[in-house]
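Spelled out, the chains give:
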Amino acid sequence: MDEPDYSLAGKTAMITGASQGIGKQIAETFAASGVDVAICSRSADRVGPVAEAINESESESRAVAIECNVRDRKQVRAFVDETVDVFGDIDILVNNAGGEFVAPFEDISENGWKTVVDLNLHSVVHCLQLAGEVMRAGNGGSIVTLSSVNGQHAAPGESHYGAAKAALIRLTETVATEWAEDGIRVNCVAPGIIQTPGVADTLGIEREDMPPRQKTDRRIGHPEEVADVVHFLASPAASFITGETITVDGVPRAGNTISQDLGLE
């Protein structure tokens, strides 16, 4: 009988936006599975402790923290180069860095629009092209990009963010097709509302007021539930999956109960 192969032991992963929330959890999940991780954030002070905790854990994986503003192509190049210098190769790339602010479309300035699109879309282009050079020249690998359910359907107040996240889905499909012959799989994960510091700040609530992990009919998820899907897509068990977007949103659009759950109505 065939047994599914979820093992990533001995691989090296680059993960952007890993100082907190989903990116931090992905780094920790990978490290627990024997993956060496190179992680970045705009602030070394914020991402450094994540790498330190991994290196001090019982895992045999190694972690290196690198300060990198993914909007800056030169800094992304340095991130890629240091990852290769430390670990020798890149097997997995996780494009997680992103951000937003909530505003009606008519109130979003040109600078505000460009800032959000630059962070959520152009940064991924930098990472794909520069890390992709290494992966295509080597033994291929797996790339997972974090989109959002707001890139799959209307998201009032988040037109700039939704547009960028929708573009990531089409970009994923196209690059997956172009790089298939290089042995690289490219997939996307579209989380719904996930219990992270960033989501709490966006919703304007205290982080301790976020609801606990419950059953599948809840309207909020947890970072580890996203990290597990990313791990699966990066693993050999997903060897016949590429160019796809996996939605991680609990019960699909079962009614907008999140506002009630969080006491926002």
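Given the structure is predicted, the values throughout are model-derived calculations rather than measurements.

Asks: Which parts of the structure should I look at to understand the pairing of strand S2 (residues 36-41)?
Replies: The side chains of a regular strand alternate between both faces of the sheet. Of all 6 residues making up S2, 6 are buried, and the element is well covered by its neighbours. Side chains Asp36, Ala38 and Cys40 of S2 all project onto a buried face; the interleaved residues Val37, Ile39 and Ser41 project onto the opposite face, where all are buried too. Here 4 bridges tie strand S1 (residues 12-15) to S2, and the two strands are oriented parallel to one another. Looking at the pairing, Ala13 lines up with Val37 of S2. Tracing the backbone out of S1, into helix H1 (residues 21-32) and back to the parallel element S2 gives a crossover that is right-handed.

Asks: Looking at this structure, how should I read the side chain of Asp91?
Replies: Relative to the assigned elements, Asp91 resides in the loop between helix H3 (73-87) and strand S4 (92-95). A distance of 2.8 Å separates the side chain of Asp91 from the backbone nitrogen of Thr12, its partner in a polar contact. Among all residues touching Asp91, those that are not within four sequence positions of it are Gly10, Lys11, Thr12, Met135, Gly140, Gly141 and Ser142.

Asks: Would you mind going over the nonpolar core with me for this structure?
Replies: Taken as a class, soluble globular proteins show a tendency for nonpolar side chains to be buried jointly. In terms of nonpolar packing, the biggest core is built from 31 residues, with Met14, Val70, Val76, Phe79, Val80, Leu93 and Ile143 touching the most fellow members. Among the secondary structure elements, those contributing two or more residues to this core are S2, strand S3 (63-67), H3, helix H4 (110-137), helix H5 (159-178) and strand S6 (184-191). Of all the elements, H4 adds the most residues to this core, at 9 residues. With near-sequence residues (within four places) excluded, Val70 lies in contact with Thr16, Cys40, Val76, Ala97, Leu119, Ser123, His126 and Cys127. Core analysis: the second largest hydrophobic core is formed by 30 residues, Ile39, Ala51, Ala227 and Leu233 among them.

Asks: Looking at this structure, I do not really get the packing of aromatic side chains. What am I missing?
Replies: When we look at a pair of aromatic rings, we describe it by the centre distance and by the angle of the planes. By the definition in use, this model includes 2 aromatic pairs. Here the aromatic rings of Tyr6 and Phe232 are separated by 6.4 Å at their centres, their planes lie at 55 degrees, and the arrangement is tilted. Of this pair, Tyr6 sits in the segment before S1 while Phe232 sits in helix H7 (residues 223-234), and the two are 226 residues apart along the sequence. Seen from their ring centres, Phe105 and Trp113 are 6.1 Å apart, and the 80 degrees between their planes marks the pair as edge-to-face.

Asks: Help me understand H7 in this model?
Replies: Given 3.6 residues per helical turn, the α-helix brings residues three or four places apart onto the same face. Between its first and last C-alpha, H7 extends 17 Å over 12 residues, near the 16 Å set by a 1.5 Å rise per residue. Considered for burial, the residues of H7 that qualify are Pro223, Glu225, Val226, Ala227, Val230, His231, Leu233 and Ala234.

Asks: Looking at this structure, I do not really get the pattern of salt bridges. What am I missing?
Replies: Two side chains that carry opposite charge are able to pair once their charged atoms sit near each other. Applying the stated criterion across every chain yields a total of 7 salt bridges. With its nearest N and O atoms 3.2 Å apart, the salt bridge here joins Arg71 to Asp118. Note that Arg71 is positioned in the loop between S3 and H3 and Asp118 in helix H4, a separation of 47 residues in sequence. The class of Asp118 is buried, set by a relative accessible area of 19%. Across the salt bridge formed by Arg136 and Asp182, the nearest N and O atoms sit 3.1 Å from each other. Of this pair, Arg136 sits in helix H4 while Asp182 sits in the loop between H5 and S6; the two residues are 46 residues apart in sequence, bridging distant segments of the chain. Note on Asp182: relative accessible area 22%, which makes it partly exposed.

Asks: Just to check I follow, could you spell out the environment of Thr172 for this structure?
Replies: Along the chain, Thr172 falls in helix H5. For the pair Thr172 and Ser147, spaced 25 residues apart in sequence, the C-alpha to C-alpha distance is 9.8 Å. If sequence neighbours within four positions are ignored, Thr172 has contacts with Thr145, Val186, Asn187, Cys188, Gly243 and Glu244.

Asks: Even after reading the chapter, I still don't get H4, so can you show me in this structure?
Replies: End to end, H4 covers 38 Å across 28 residues, agreeing with the expected 40 Å (1.5 Å per residue, within 8%). Its axis deflected by about 45 degrees at Asp118, H4 carries its strongest bend there.

Asks: Where do I start with the sheet that holds S2 in this structure?
Replies: Neighbouring strands of a sheet are bound in pairs by backbone hydrogen bonds; such pairs are parallel or else antiparallel. Here 7 strands make up an open sheet; going across it, the order is S3-S2-S1-S4-S5-S6-S7 and the pairing parallel. Two strands in the sheet have a free side with no partner beyond their single neighbour: S3 and strand S7 (245-248). The mean angle between the axes of side-by-side strands here comes to 15 degrees, regardless of whether they run parallel or antiparallel. Examined bridge by bridge, S2 and S3 share 5 bridges and lie parallel to one another. Bridged to Cys40 within S3 is Ile66. Relative to the sheet, H1 contacts S1, S2, S4, strand S5 (141-146) and S6, its axis offset from that of S1 by approximately 175 degrees. Each of S1, S4, S5 and S6 is contacted by H4, which is oriented at about 180 degrees to S4, the strand it contacts most.

Reading the values: the criteria
Residues numbered from 1 in each chain as written. Predicted model: local features only at pLDDT ≥ 70, side-chain atom pairs only at ≥ 80, totals over all residues. Heavy atoms only, no water. Buried < 20%, exposed > 50% of the residue type's maximum accessible area, 1.4 Å probe, protein only. Helix = DSSP H or I, 4+ residues; strand = E, 2+ residues; numbered from the N terminus. Pairing = 2+ DSSP bridges. Right-handed = clockwise from strand over helix to strand, strands pointing away. Polar contact = N/O pair within 3.5 Å; in protein donor to acceptor, adjacent residues only side chain to side chain. Contact = heavy atoms within 4.5 Å. Core = buried A, V, L, I, M, F, W, Y, C linked by side-chain atoms within 4.5 Å. Phe/Tyr/Trp six-rings, centres within 6.5 Å; stacked < 30°, edge-to-face > 60°. Expected span 1.5 Å × (residues − 1). Salt bridge = Lys/Arg side-chain N within 4 Å of Asp/Glu carboxyl O. Bend = angle between axes of the 7 residues up to and from the residue. Axes fitted to C-alpha atoms, helices over the stretch in contact; angles between N-to-C directions.

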